[in-house]
Amino acid sequence: MAIKKREVVSSFTVYDSAAELAAGDAVLLQKSVSELQHSYSPYSGFKVAATVLLANGEVLTGTNQENASYPVCMCAEGTVLGAVSSLYPGVAVLKMAVTVKSSQQSIAHPVAPCGLCRQRLLEYENRFQQNIKVIMAGESGEVLVADTVKDLLPLYFSGSDL
Ligand code: THU
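Summary of the structure given here. (Residues numbered from 1 in each chain as written. Predicted model: local features only at pLDDT ≥ 70, side-chain atom pairs only at ≥ 80, totals over all residues. Heavy atoms only, no water.)

Remarks on the overall build of the protein
1) Next: Secondary structure assignment for the protein yields three helices and six strands.
2) Next: Going residue by residue from the N terminus, the α and β elements of the protein occur as β-α-β-β-α-β-α-β-β.
3) Next: Taken over the C-alpha atoms alone, the protein extends approximately 55 × 35 × 35 Å along its principal axes.
4) Next: Per-residue burial for the protein yields a buried fraction of 38% across its 162 residues.
5) Next: Put simply, 67% of the contacts in the protein that link residues at least 6 apart link residues at least 24 apart. (Helix = DSSP H or I, 4+ residues; strand = E, 2+ residues; numbered from the N terminus. Buried < 20%, exposed > 50% of the residue type's maximum accessible area, 1.4 Å probe, protein only. Contact = heavy atoms within 4.5 Å.)

And the structure:
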């Protein structure tokens, strides 16, 4: 029996800082930073904002919304994707900029969407057959850009498995 190794390739563009981003990506990230104030995160002190650019030109932001019953907390990415589906049904997401701010420490590295949110993003990407560019930034430091959600979730489960 031959045991094979298979590689799943995942790639990101690394920018030294937000100042290096392409103009449109920088604007989306700036918008996300300005919306962090709407995070409701009294339990973690960790604010997250996710701002999307839609194919119709609309820009929408979601922030994390916590709950005293911790598993009820909603991530910023899930919040905004739910809003997009409800407010702009049938419109694809082109880009998402995710950023954070912590009351405990200065976050000097990019923060990536959690596993659940990667799966949510993947569903959106596959549903609209439209790659979603994901821009990930901390409060300072490097910014990562993935051209497709598949770079965040290389070995994924999707509707085509069912
Ligand atoms: N959080 C997000 O909003 N998105 C993620 O992808 C990771 C985590 C939120 C959930 C919770 O309110 C806080 O960050 C700490 O986990």
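Quick look at the pairing of strand 3 (residues 59–63)
Looking down a regular strand, the side chains alternate between one sheet face and the other.
1) Next: For strand 2 (residues 46–54) and strand 3, the ladder comprises five bridges, and the chain directions are antiparallel. Among the inter-strand pairings, alanine 50 is bridged to a residue of strand 3, identified as glycine 62.
2) Next: Counting the residues that bridge the hairpin from strand 2 to strand 3 gives four residues, and of these glycine 57 lies at a positive phi of roughly 90 degrees. (Pairing = 2+ DSSP bridges.)

Description of unusual backbone geometry
In most cases, non-glycine residues show a negative phi, while peptide bonds are predominantly trans.
1) Next: You will see that glutamine 129, though not glycine, has its phi angle at about 50 degrees, which is positive.
2) Next: Of note, glutamine 129 is situated in the loop between helix 3 (115–128) and strand 5 (133–137).

Without other data, these values stay purely geometric and don't point to any function.
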